[in-house]
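# A look at the structure
Here is how the chains run, residue by residue.
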Amino acid sequence: LVERGSHAAGGGAGLSFQAYLDNIKAKTGMTPADFHAAAKKKGVLGPDYTATKFVDWLATDYDLGRGHAMAILQAFKNEGWIETPKKKASPSKSR
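Along each chain, residue indices are assigned from 1 in the same order as the chain's sequence is written. A pLDDT threshold of at least 70 governs which residues receive local features in this predicted model, and a stricter bar of 80 or more applies before side-chain atom pairs are shown or counted, although totals over entire chains, interfaces and linings include all residues. Side-chain calculation: all heavy atoms of the structure are included, whereas hydrogens and water are not.

### A look at helix H2 (residues 32–42)
Applicable threshold: For every residue, the accessible area obtained with a 1.4 Å probe (protein chains only) is divided by the maximum for its type, and the residue is called buried under 20%, exposed over 50%, and partly exposed between those limits. Runs of H or I in DSSP of at least four residues are treated as helices and runs of E of at least two as strands, each being numbered from the N terminus. The arc refers to the directions leading from the helix axis to the C-beta atoms. Here, two residues are considered to be in contact whenever any of their heavy atoms come within 4.5 Å of each other.
Looking at H2, one finds that the buried residues are Phe35, His36, Ala38 and Ala39. Looking straight down H2, one finds that the buried residues subtend no more than 165° of arc, so they occupy a single side. Along H2, exposed side chains directed more than 90 degrees from the buried face belong to Lys40 and Lys41. Contacts from the buried residues of H2 go to helix H1 (17–28), helix H3 (51–62) and helix H4 (66–79). In the segment just after H2, Gly43 is the residue with positive phi, at about 85°.

The following block contains the structure:
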């Protein structure tokens, strides 16, 4: 776990990764594992998965903001449930 005061989950006011997860659990009653099961059931993590679609789903279905959604995504990555998307190669510029 990340120490309190870290900005690993994008927390602006020093909110730690674990604090994000604790707040999500308090607000929704759900853990990252619960969200993973719900996302799989809803098809959010399918082949056309994007972070934007995931954030939009959590906002619509669970009233969670971007910071909370990104913390959940990081938990998914930490558990090996999703991979970090590979960056597309930038076309080389000719001069």
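### Remarks on the pattern of salt bridges
Pairing is possible between side chains of opposite charge, provided their charged atoms come close. Keep this limit in mind: Any Lys or Arg side-chain nitrogen located within 4 Å of an Asp or Glu carboxyl oxygen qualifies as a salt bridge.
The final tally for this structure, using the stated rule, is three salt bridges. Residue Asp63 is joined to Lys27 by a salt bridge in which the shortest nitrogen-to-oxygen separation is 3.8 Å. Here Asp63, found in the loop between H3 and H4, pairs with Lys27, found in helix H1; they are 36 residues apart in sequence, far enough to count as distant. Across the pair Lys42 and Asp61 runs a salt bridge, and its minimum N-O distance is 3.1 Å. Placement of Lys42 in helix H2 and of Asp61 in helix H3 is noted, with a sequence separation of 19 residues between them. A relative accessible area of 52% means that Lys42 is categorised as exposed.

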